[in-house]
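Reading the structure
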Number of protein chains: 2
Amino acid sequence: MRIKELAQQAYVSDTAVRYYESSGILPPPRRLPNGYRDYDQSDVERLKLVAGARSLDFSLDDIAEILALRDRREAPCRTVLDMLAQKADEIQQRIIELQQLEKQLRDLHELGLTFPTDDIDGKNCVCHLVSERAG
Amino acid sequence: MRIKELAQQAYVSDTAVRYYESSGILPPPRRLPNGYRDYDQSDVERLKLVAGARSLDFSLDDIAEILALRDRREAPCRTVLDMLAQKADEIQQRIIELQQLEKQLRDLHELGLTFPTDDIDGKNCVCHLVSERAG
DNA sequence: TATAAACCTTGAAGCCACTTCAAGGTCAAA
DNA sequence: TTTGACCTTGAAGTGGCTTCAAGGTTTATA
Ligand SMILES: [Zn+2]
Ligand SMILES: [Zn+2]
Ligand SMILES: [Zn+2]
Ligand SMILES: [Zn+2]
């Protein structure tokens, strides 16, 4: 099959497939006589793993690590399990940070409403509150 | 004052200050006879607003919009208030997305634990679960 | 006085995971 | 025959910086 059919089977763009090849995640495929890339079912499986892992926000480096194990005929299952747990922890931490940020934004908004809104120099308005967040 | 002192007063790096200048957020400053950048207190105020807004995750485009108003002697307070509310909403939405992602990661981890962990081809293991997340 | 340490300058490249653009070549249907 | 869908490559753009390379300037110390 050609690149577009491969890409569609994994729900990614064909330009992403070319990018994965250029970055070493996917091996260079056979070519048809006209120079077009030619893929088979094993390429679909590989790309689906890449797409699934990307949809879980794994980095291409992480994915390369998983694929490298498989290419050496070593089972990557343990590595994948560990990565899932670690990524979940990272996301959890990120959520906490964003919750703090949201609170700061809402607090600033509420407080800002109590100040004049025609202050050019920002000495007595919400702009001043933003400026003084330093540290 | 020179660039490092300015940067320190706003708790940013001096390379960031040069980057802000190159991207038009900060105007080109005067120069000392030796070519070094020379700043004053108004530069500190401007950079503090930039730094405060960046710490709230505003984009440089947003910040440029705020500064453009001030540079035209129009009060940016209303704009800032609106941006605070809008950014808070964006963060809230992002948190929801990350919470869903975290749940997917934890669920996959739990389910993956019930499968063998020595499957090279990924037909009966957590790797297969990752691959089949398509769509 | 020599020299090291801390500061300053510029321009370019690197980061991440792509997308978009430019400028073409290939092939099937109408 | 011409339209349109598909394919190719390489380069540049995205955002907000940091890092690197290759210097010049100033202050402190030996
Ligand atoms: Zn597995
Ligand atoms: Zn575990
Ligand atoms: Zn204001
Ligand atoms: Zn409001």
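Residues numbered from 1 in each chain as written. Chains lettered and ligands numbered in written order. Predicted model: local features only at pLDDT ≥ 70, side-chain atom pairs only at ≥ 80, totals over all residues. Heavy atoms only, no water.

**Looking at the overall build of chain A**
When you go through chain A residue by residue, the secondary structure sums to six helices and two strands. With respect to the principal axes defined by its C-alpha atoms, chain A has extents near 70 × 40 × 25 Å. For chain A, with 135 residues in total, the buried portion stands at 43%. Contacts in chain A between residues far apart in sequence, at least 24 positions, make up 42% of those at least 6 positions apart. Working note: accessible area of chain A is about 7400 Å², and carbon and sulfur atoms make up 47% of it. Where the 19 positive side-chain charges of chain A centre and where its 24 negative ones centre are 7 Å apart. (Helix = DSSP H or I, 4+ residues; strand = E, 2+ residues; numbered from the N terminus. Buried < 20%, exposed > 50% of the residue type's maximum accessible area, 1.4 Å probe, protein only. Contact = heavy atoms within 4.5 Å. Areas by Shrake-Rupley, 256 points an atom, 1.4 Å probe, with all protein chains shown as cover. Lys, Arg positive; Asp, Glu negative; His and termini not counted. Charge placed at Lys NZ, Arg CZ, Asp CG, Glu CD.)

**Some thoughts on the pattern of salt bridges**
All names here are of chain A. One pass over the full model with this rule turns up 24 salt bridges over all chains. Between glutamate 90 and lysine 87 there is a salt bridge, with its nearest N and O atoms 3.6 Å apart. Here glutamate 90 and its partner lysine 87 are both found in helix α5 (residues 77–112), three residues apart, which amounts to about one turn of the helix. Accessibility expressed as a relative area gives 39% for glutamate 90, which makes it partly exposed. (Salt bridge = Lys/Arg side-chain N within 4 Å of Asp/Glu carboxyl O.)

**A word on the coordination of the zinc ion (ligand 3)**
Of the protein atoms, only Cys125(A) (SG), Cys127(A) (SG) and Cys77(B) (SG) coordinate the zinc ion (ligand 3), at distances of 2.0 to 2.3 Å. With Cys127(A) in helix α6 (residues 126–131) and Cys77(B) in helix α5 (residues 77–113), this pair bridges two chains. What makes Cys127(A) buried here is its relative accessible area of 1%. Cys77(B) gets classed as buried once you look at its relative accessible area, which sits at 0%. (Donors = N, O, S within 2.8 Å, 3.2 Å for Na, K, Ca; no water.)

**So, the packing of helix α3 (residues 41–55) of chain B against helix α4 (residues 60–71) of chain B**
Helix packing geometry: the angle between the two helix axes and the distance between the axes. Residues and elements named next belong to chain B. It is at 10 Å that the axes of α3 and α4 come closest, and there the two elements cross at 145 degrees. The hand of the α3/α4 crossing is right-handed. Along its contact with α3, which presents Arg46, Leu49, Val50, Ala53 and Arg54, the element α4 presents Leu60, Ile63, Ile66, Leu67, Arg70 and Asp71. Across the contact of α3 with α4, the residue classes break down as seven nonpolar, no polar and four charged. (Axes fitted to C-alpha atoms, helices over the stretch in contact; angles between N-to-C directions. Left-handed = near helix turned anticlockwise from the far one by under 90°. Nonpolar A, V, L, I, M, F, W, Y, C, P; charged D, E, K, R; others polar.)

**Description of the relation of the copies chain B and chain A**
Of the two same-sequence chains, chain B is brought onto chain A (RMSD 0.0 Å, axial shift 0.0 Å) by a rotation of 180 degrees. Such a turn and shift between the copies fits a two-fold axis. Relative to the rotation axis, the C-alpha of Ile95(B) is the closest in chain B, positioned 3.0 Å from it. (Least-squares fit on C-alpha atoms with pLDDT ≥ 70 in both.)

**Some points on the interface of chain B and chain A**
Of the residues lining the interface, 56 residues belong to chain B; the matching set on chain A comes to 56 residues. Roughly 4900 Å² of surface becomes buried between chain B and chain A when both sides are summed, with 70% attributable to carbon and sulfur atoms. Joining chain B to chain A, the criterion identifies four salt bridges. Between Glu132(A) and Lys48(B) there is a salt bridge whose closest N-O contact spans 3.8 Å. (Buried area = accessible area lost by both parts, 1.4 Å probe.)

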